[in-house]
Protein chains: 2
Amino acid sequence: MSKKLTIGIFGFGVVGQGLYDIIKTKNLNLEIKKFVIKNADKKRTLPAELFTTDPDAILNDPEINTVVELIDDADAAFEITKRALSSGKNVVSANKKMIATHLEELTEIQQKYGTSLLYEGAVCGSIPIIRNLEEYYDNELLHSVSGIFNGSSNYILSKIFNENQSYAEALKKAQDLGFAETDPILDVGGFDPKFKLTIVASHAYGLFLDPDTILNLGIDKLSDADVRYAKEKNLKIKLIPFAKEINNSEVVLYVLPKFISKDNILYNVENENNGVLVKAAFADEQFFYGKGAGGHPTGSAVLSDITALRYDYRYEYKKHLTEKELKYSTNYELKVYFRYQNDDILDNINFSTISERYYSEDTKYVIGTIELKEIISKRVLINADGNFIAEI
Amino acid sequence: MSKKLTIGIFGFGVVGQGLYDIIKTKNLNLEIKKFVIKNADKKRTLPAELFTTDPDAILNDPEINTVVELIDDADAAFEITKRALSSGKNVVSANKKMIATHLEELTEIQQKYGTSLLYEGAVCGSIPIIRNLEEYYDNELLHSVSGIFNGSSNYILSKIFNENQSYAEALKKAQDLGFAETDPILDVGGFDPKFKLTIVASHAYGLFLDPDTILNLGIDKLSDADVRYAKEKNLKIKLIPFAKEINNSEVVLYVLPKFISKDNILYNVENENNGVLVKAAFADEQFFYGKGAGGHPTGSAVLSDITALRYDYRYEYKKHLTEKELKYSTNYELKVYFRYQNDDILDNINFSTISERYYSEDTKYVIGTIELKEIISKRVLINADGNFIAEI
């Protein structure tokens, strides 16, 4: 029943190695013919003839019918993916930024050339959320999708809340362990979970959005005062990407820190783990939990995609292509905690209501409601040093 | 792309009504042509011409290409399913007992007639565990699958542990709410989760087993002493179906009460909710959580199966049909807590080791290790009134 796959892989980092580890334990109907790598001089654990620095060795090889793209550079990944899909090769990718940014064009290319692009590994590692949104919840009325999509920032928050570390200590530890980059802003600033949210929203709601239009604020301005406030109230702070249908016709999306109470299932998602919470009209509350990153978990998701290609599996993008079009909206009121340094900032930000106001020598905050579009337009001010905002 | 489904439904109970509620909100390429019901006199919310008591009105109608079987009686359900599959109709069923008991024959019939039988709704309601085992974890080395598969007994345990109710009170409440049958032994005795475990094991390990050969002991003998013991140690008792690969060649399966600590993700699965915990070599620990029963959650799973049939989806049973055969084994040692009434019982049960022994006026227990096959052969004695066993 299954078709033989001859595979070319771009990249041999953590995920590429993880994928190779898994494949070699299995007797699958597939062959890895070539790896294209950037640095020819690096020592490799596999025979040298498997490696080349020339992309054409994969892209121009008619025998290779499946391209696995596992490189960091989103622009280069996009060029590779476009060329492969346009020349009749199916592609598996784990590059969330590339996919989130170019999803509309990539969908058109797939349709034009009858090829398939799969990317389960790009969103929450081993958790099969895309496949389930595509296949299983394809007829569900989805009220919302949210969760913990970024292992690095969640690891930092776990250290802060469970081991009383400071933000700086926890970040350093995450970097030492390789969970966070030297420039960690992609993770702690909420960009990485935003790319994943953009992809999730396309499969949940059929919305193809430019990630730049979606709000992301992160945990990089979190202070001891914010943590103390949360702990006094038995809450934790988590970095939460959130997509929700409102009014039957619009969808709001954003990534913000959020105060979470014990009765929220995300409260117990700790360290580098990820969790996805789906609220649906009929299936009710569904929760998926697993390792969000790492060579083996992500490699396992990539392999699931590869083996699905043996049966010519493809995403149908039904909600985008055939159903009523939902619109992206920023007309949505949030209840927030906003800690600030300078009093005059409150004159420059329009809160709809302010229900609590606190002053002390060290810290000042308000709790109130604010429109999402107001946060977006004042995001630089809101996220300036000395300030921190979180949904509450 | 999709094929039009003309549907005949057997049964119009909670799930049938739930399914109908969902379908009517959607513009799907399907038509419900007929319901076959047992009691013609009951008042229905839909036009009378949709209902009949004659099974042939569905089974002999060549226009109906899809049969949805939602009746309680497992024997009648099997006859309907066999006839439908053999006459070229695809079937969706939520009858766990019927499927667990006849899976091998049903698989052969599907292969012989090229028809498809789907049953996601039979296992843990809305949680898409069968689809994910089939599709997503099809190449994974699965260390174990366990969880909370039975909402009624979990509801009772939640009342006991969180609200200090007695077993009898909690059972009565579950019955009043319709969560448990008048004869609740299917649920609290662990039969229902065993049927689900049997189905899960077939997709996880390719093992088609007679459920009668699998051990199930339940929570029906739970006493206040057992609850007190658990609480003193900050543990909860949950009813856990468990399947695990051992030695690379054998699988053990059983359903037993188990003491669960806070760091186990199943600890927080409360009330009528279900959770499935999958441990895999590469994806690592994966957890699925959701509503395990009820008209809408199960109806939503049934609808996912129905709409998958529009694209001719079928389970491949790859692990059963093509991979190395794993064998069912009962050579497996468990650590258990065993509370007993009469001292002489210990002369009749072979514990491999006994590490703790407790006596008081009210209660006596041992903690020790015992072979699974020993529990199976002494199950009547072990489960006699006054005794209670749980894995610890």
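Note that the structure is a prediction, hence the values are computed from the model and not measured. In this convention, every chain numbers its residues from 1, walking through the sequence in written order. Chain A is the first chain written and ligand 1 is the first ligand written, with later ones labelled in order. Per-residue local features are limited, in this predicted model, to residues with pLDDT of at least 70; the limit for side-chain atom pairs, both in listing and counting, is 80 or more; totals at the level of whole chains, interfaces and linings are taken over all residues. Side-chain calculation: all heavy atoms of the structure are included, whereas hydrogens and water are not.

S.K.: Please explain the overall build of chain A as it appears in this structure.
M.R.: Helix numbering and strand numbering both begin at the N terminus, where a helix is a DSSP run of H or I of at least 4 residues and a strand a DSSP run of E of at least 2. Across its full length, chain A carries 15 helices and 17 strands. Computation of the radius of gyration draws on C-alpha atoms, with the globule rule given as 2.2 Å multiplied by the number of residues to the power 0.38. Relative to the 2.2 N^0.38 estimate, which gives 21 Å for 392 residues, the radius of gyration of chain A is 22 Å and therefore close to what a compact globule would have. Overall, the C-alpha framework of chain A stretches about 70 × 50 × 35 Å when taken along its three principal axes. Looking at the 392 residues of chain A, the share that counts as buried comes to 60%. Of all intrachain contacts in chain A linking residues separated by at least 6 positions in sequence, the fraction that spans at least 24 positions is 72%. Taken as a whole, chain A presents about 15,600 Å² of accessible surface, with 46% of it coming from carbon and sulfur. Counted as positive: Lys and Arg. Counted as negative: Asp and Glu. His and the chain ends are not counted at all. Think of each charge as sitting on NZ of Lys, CZ of Arg, CG of Asp or CD of Glu. Of the charged side chains in chain A, 46 are positive and 57 negative; the average position of the first set lies 3 Å away from that of the second. Exposure classes here rest on a 1.4 Å probe applied to the protein chains alone. A residue is buried below 20% of its type maximum, exposed above 50%, and partly exposed in between. Note on definitions: a residue-residue contact is assigned when non-hydrogen atoms from the two residues lie within 4.5 Å. Methods summary: accessible areas were calculated by the Shrake-Rupley approach with a probe of 1.4 Å, and residue burial reflects only the protein chains presented.

S.K.: Looking at this structure, I do not really get a negative patch on the surface. What am I missing?
M.R.: Taken together, Asp72, Asp73, Asp75, Glu181 and Asp183 of chain A make up a surface patch of like negative charges. Assignment of secondary structure puts Asp73 of chain A in the loop between β4 (66-69) and α3 (74-86). The patches reported here contain residues having more than 30% relative accessible area and no salt bridge. Joining distances are 9 Å for like charges and 5 Å for nonpolar side chains (Val, Leu, Ile, Met, Phe, Trp, Tyr). The salt bridge criterion pairs a side-chain nitrogen of Lys or Arg with a carboxyl oxygen of Asp or Glu, the two atoms within 4 Å.

S.K.: Please explain the pairing of strand β15 (residues 353-359) of chain A as it appears in this structure.
M.R.: A regular strand carries its side chains on alternate faces of the sheet. Residues and elements named next belong to chain A. Summarising the sheet, β15 and strand β16 (residues 364-371) pair through 6 bridges and their orientation is antiparallel. Considered in β16, the bridge of Arg357 is made with Val366. Pairs of strands are assigned from DSSP output, requiring at least two bridges between the strands. The hairpin turn running from β15 into β16, its antiparallel successor, is 4 residues long.

S.K.: What is the right way to look at the interface of chain A and chain B in this model?
M.R.: How big an interface is tends to be reported as the loss of accessible area on association of its parts. The interface of chain A with chain B comprises 43 residues on the first partner and 43 residues on the second. Here the buried area means the combined drop in accessible surface, using a 1.4 Å probe, for two parts upon being joined, counting both sides. Taken together, the two surfaces of chain A and chain B that pack against each other cover about 3,400 Å², and 51% of this comes from carbon and sulfur. Together, Tyr136, Asn139 and Phe282 of chain A form the three largest contributors to the area buried by chain A at its contact with chain B, with a combined 25%. Close ionic contact of Lys291 of chain B with Asp284 of chain A constitutes a salt bridge, the shortest N to O distance being 3.8 Å.

S.K.: Explain the relation of the copies chain A and chain B to me, please; I cannot follow it from the model alone.
M.R.: Mapping between the two chain copies consists of a rotation about an axis together with a translation along that axis. Least-squares fitting of chain A to chain B yields an RMSD of 0.0 Å, with the superposition described by an axial translation of 0.0 Å and a rotation of 180 degrees. The transformation relating the two chain copies, once decomposed into turn and shift, fits a two-fold axis. Closest approach to the rotation axis within chain A is made by the C-alpha atom of Phe288 of chain A, at a distance of 2.4 Å. For the least-squares superposition of copies, only C-alpha atoms count, and only for residues with pLDDT at least 70 in both.

S.K.: For this particular structure, what's the right way to read empty space enclosed by the protein?
M.R.: Rolled over the atoms, a probe as big as a water molecule pinpoints where empty space is left. Any residue with an atom within 4 Å of a point lines the site, the site being either a cavity, points on a 1 Å grid over the protein atoms alone where a 1.4 Å probe fits but cannot get out, or a pocket, an open set with protein on both sides within 12 Å along at least 5 of 7 lines. Grid points are joined across faces, edges and corners, and a volume is the space filled by probe spheres set on the points. The final tally for this structure, using the stated rule, is 5 cavities of 30 Å³ or more. Estimates place the volume of the largest cavity at around 70 Å³. Lining the largest cavity are Ile22, Ser300, Leu303, Ser304 and Thr307 of chain A together with Tyr136, Tyr137, Asp138, Asn139, Glu140 and Phe282 of chain B. The element best represented in the lining of the largest cavity is helix α11 (residues 295-309) of chain A, accounting for 4 residues. Classes in brief: Ala, Val, Leu, Ile, Met, Phe, Trp, Tyr, Cys and Pro nonpolar; Asp, Glu, Lys and Arg charged; the others, Gly included, polar. For the lining of the largest cavity, the class distribution of residues is 5 nonpolar, 4 polar and 2 charged.

S.K.: Hey, could you run me through unusual backbone geometry in this one?
M.R.: Glycine aside, negative phi is the norm for most residues, and most peptide bonds take the trans geometry. Residue and element names in this part refer to chain A. For Asp284, which is not glycine, the phi torsion reads 70 degrees and is therefore positive. Residue position: Asp284 is located in strand β12 (residues 284-291). The class of Asp284 is partly exposed, set by a relative accessible area of 31%.

S.K.: It is not clear to me how helix α5 (residues 129-136) of chain B should be interpreted in this structure. Could you clarify?
M.R.: Every α-helix carries 3.6 residues per turn, so stepping three or four residues along brings you back to the same face. Burial of α5 of chain B is extensive: 7 of the 8 residues sit out of reach of the surface. Looking only at α5 of chain B, the buried set comprises Ile129, Ile130, Arg131, Asn132, Leu133, Glu134 and Tyr136 of chain B.

S.K.: How should I be thinking about a nonpolar patch on the surface in this particular structure?
M.R.: There is a patch of nonpolar side chains on the surface, built from Ile185, Leu186 and Phe191 of chain A and spanning about 230 Å² of accessible area. On the secondary structure map, Ile185 of chain A appears in helix α8 (residues 185-188).

S.K.: It is not clear to me how the pattern of salt bridges should be interpreted in this structure. Could you clarify?
M.R.: Residue and element names in this part refer to chain A. Counting across every chain of the model gives 42 salt bridges over all chains. One salt bridge in this structure joins Asp192 and Lys96, with 3.7 Å as the shortest N-O distance. With a gap of 96 residues between them, Asp192 in helix α9 (residues 191-205) and Lys96 in helix α4 (residues 96-113) connect regions that are remote in the sequence. Looking at Asp192, the relative accessible area reads 9%, which means it is buried.

S.K.: Explanation requested: the environment of Leu118 of chain A in the structure shown.
M.R.: Here Leu118 of chain A is to be found in strand β6 (residues 117-118). Measuring from C-alpha to C-alpha, the distance between Leu118 of chain A and Ala243 of chain A comes to 22 Å, with 125 residues separating the pair along the chain.

S.K.: Explanation requested: the sheet that holds β6 of chain A in the structure shown.
M.R.: Pairing between sheet strands relies on hydrogen bonds along the backbone, with the strands arranged either parallel or antiparallel. Residue and element names in this part refer to chain A. Spatially, 6 strands are ordered β3-β2-β1-β4-β5-β6 in an open sheet, and the strand pairing comes out parallel. Since the sheet does not close on itself, it has two edges, and those belong to β3 (51-52) and β6, each with one partner. Relative to β6, strand β5 (residues 90-93) runs parallel, the two sharing 2 bridges. Looking across to β6, one finds that Val92 is bridged to Leu118. Along the sheet, helix α1 (residues 14-24) contacts β1 (5-10), β2 (30-36) and β4; its crossing angle with β2, the most-contacted strand, is approximately 160 degrees. Its contacts with the sheet put α11 on β1, β2, β4, β5 and β6, and the angle it makes with β5 is roughly 165 degrees. Axis lines are fitted to C-alpha atoms, over the contacting stretch for helices. Their N-to-C directions set the angle, which ranges from 0 to 180 degrees.

S.K.: Got a minute to help me understand the environment of Ser144 of chain A in this structure?
M.R.: Residues and elements named next belong to chain A. Within the element layout of this structure, Ser144 appears in strand β7 (residues 142-148). The buried category is assigned to Ser144, whose relative accessible area is 6%. It is 6.0 Å that separates the C-alpha atoms of Ser144 and Val278, two residues lying 134 residues apart in sequence.

S.K.: What exactly am I supposed to notice about the sheet that holds strand β3 (residues 51-52) of chain B here?
M.R.: All names here are of chain B. Within the open sheet, the 6 strands sit side by side as β3-β2-β1-β4-β5-β6. Their pairing is parallel. The open sheet has two edge strands with one neighbour each: β3 and β6 (117-118). One ladder, built from 2 bridges, connects strand β2 (residues 30-36) with β3; its direction is parallel. Bridge assignment links Val36 to a residue of β3, and that residue is Thr52. Sheet strands in contact with helix α1 (residues 14-24) are β1 (5-10), β2 and β4 (66-69), and its direction is about 160 degrees off that of β2. On top of the sheet, helix α11 (residues 295-309) reaches β1, β2, β4, β5 (90-93) and β6; it is set at about 165 degrees to β5, its chief contact.

S.K.: Hey, could you run me through the packing of α4 of chain A against α9 of chain A in this one?
M.R.: Axis angle and axis distance: for two packed helices, these are the angle between their axes and the distance between the axes, and together they describe the pair. Residue and element names in this part refer to chain A. Two elements in contact, α4 and α9, have axes separated by 9 Å at closest approach and are oriented at 50 degrees. In terms of their interaxial angle, α4 and α9 are classed as oblique. In this structure, α4 crosses over α9, and the sense of that crossing is left-handed. Within the contact between the two elements, α4 uses Lys96, Lys97, Ile99, Ala100 and Leu103 and α9 uses Asp192, Phe195, Lys196, Thr198, Ile199 and Ser202. For the contact of α4 with α9, the per-class residue count stands at 5 nonpolar, 2 polar and 4 charged. Each angle is binned into one of four classes, with values under 35 degrees roughly parallel, values over 145 roughly antiparallel, values of 65 to 115 roughly perpendicular, and all other values oblique. Here a crossing is called left-handed whenever its near helix is offset anticlockwise from the far helix by less than a right angle, and right-handed whenever the offset is clockwise.

S.K.: What is the right way to look at the nonpolar core in this model?
M.R.: What tends to happen in soluble globular proteins is that the nonpolar side chains get buried as a cluster. In this structure, Tyr119 and Ile306 of chain A together with Tyr119 and Ile306 of chain B are the most contacted members of the largest nonpolar core, which totals 220 residues. Excluding its chain neighbours within four sequence positions, the residues that come into contact with Ile306 of chain B are Leu5, Ile7, Leu19, Leu30, Val68 and Val92 of chain B. Residue types Ala, Val, Leu, Ile, Met, Phe, Trp, Tyr and Cys, when buried and joined through side-chain atoms within 4.5 Å, form a set referred to as a nonpolar core.

S.K.: I tried to follow the packing of aromatic side chains on my own but got confused; where do I start?
M.R.: Ring pairs (aromatic) are described by centroid distance and by the angle formed between their planes. Two rings from Phe, Tyr or Trp (for Trp, the six-membered ring) form a pair when their centres sit within 6.5 Å of each other. Planes less than 30 degrees apart are called stacked, planes more than 60 degrees apart edge-to-face, and all others tilted. Following the criterion strictly, the structure yields 44 aromatic pairs over all chains and no others. Note on Phe338 of chain B and Tyr340 of chain B: the rings are 5.9 Å apart at their centroids and 25 degrees apart in plane angle, and the pair reads as stacked. Through successive ring pairs, a cluster of aromatic residues spans Tyr136, Tyr137 and Phe288 of chain A together with Tyr136, Tyr137 and Phe288 of chain B. Lysine NZ or arginine CZ positioned within 6 Å of the ring centre and within 35 degrees of the ring normal marks a charge as sitting over the ring. It is Arg131 of chain B that lies over the ring of Tyr313 of chain B; its NZ or CZ is 5.0 Å from the centre.

S.K.: For this particular structure, what's the right way to read the pairing of β12 of chain A?
M.R.: Among the 8 residues that make up β12 of chain A, 6 are buried, leaving the element largely enclosed by the rest of the structure. Bridging between strand β11 (residues 273-280) of chain A and β12 of chain A involves 8 bridges; their strand directions are antiparallel. Each bridged residue has a counterpart across the sheet, and for Ala280 of chain A the counterpart in β12 of chain A is Asp284 of chain A. What sits between the antiparallel neighbours β11 of chain A and β12 of chain A is a turn of 3 residues. By the bridge criterion, 3 bridges tie β12 of chain A to strand β12 (residues 284-291) of chain B in an arrangement that is antiparallel. Paired with Phe287 of chain A across the strands is Tyr289 of chain B, a residue of β12 of chain B.

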